[in-house]
Amino acid sequence: MTAPQPTVFTNSHLYDQDFYLWIETTAKQLKEGRFAEVDLANLIEEIESMGRSEKRALESNLVVLLMHLLKYKYQSEKRTNSWLYTIFEHRRRLNKNLQDSPSLKKYFAENFMECYQNARQLAALETGLTLDTFPVESFLTADECLNQEFLPD
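Residues numbered from 1 in each chain as written. Predicted model: local features only at pLDDT ≥ 70, side-chain atom pairs only at ≥ 80, totals over all residues. Heavy atoms only, no water.

Student: If you had to explain the side chain of Asn97 to someone new, which residues and values would you point to?
Tutor: Here Asn97 is to be found in helix α4 (residues 81-100). Leave out the neighbours within four places in its chain, and Asn97 touches Glu54, Leu58 and Leu104. (Helix = DSSP H or I, 4+ residues; strand = E, 2+ residues; numbered from the N terminus. Contact = heavy atoms within 4.5 Å.)

So this is what it looks like as structure tokens:
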């Protein structure tokens, strides 16, 4: 009778069984130049997923920023330091993201109006004001949106 053999996972099986160990193993294989052992299919999937995550983070920060700028402009009587903090923080995140990944500037510009429309809807929901309170066309440019010094009147 033979002794039971330990289960050996290939790198692709490791991906499904222990994601963190898969990351460590893949990084080690790459560092050591053992490219033939790398689980290429899952590595490609993860890299593509990272790109999508960067885009989603940019959109999320932009919508939050635009919503607060809308609230700041159209509910001036309710302005708070919390709103200013949120405006500052989401600008900081966007500027950092665009500094780290300048190629996202094109994506930012292409999606600015879609994010603005989402921000209009969220601002209406959060404030209780009607959607038509907020202009369909953005009252600010993409550059003003990112400018830490800009606040709407």
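Next, the rest of the story.
Student: With reference to specific residues and values, describe the pattern of salt bridges.
Tutor: A side chain with one charge may pair with a side chain of the opposite charge, provided their charged atoms come close. Following the criterion strictly, the structure yields 7 salt bridges and no others. A salt bridge links Arg34 to Glu32, with the shortest nitrogen-to-oxygen separation between them at 2.1 Å. By relative accessible area, which is 45% here, Glu32 ends up partly exposed. For Arg34, the salt bridge goes to Glu37, with nearest N and O atoms at 2.9 Å. Using a relative accessible area of 29% as the deciding quantity, one classes Arg34 as partly exposed. Classification of Glu37 by relative accessible area gives partly exposed; the value is 42%. Through salt bridges with shared partners, a single network forms among Glu32, Arg34 and Glu37. (Salt bridge = Lys/Arg side-chain N within 4 Å of Asp/Glu carboxyl O. Buried < 20%, exposed > 50% of the residue type's maximum accessible area, 1.4 Å probe, protein only.)

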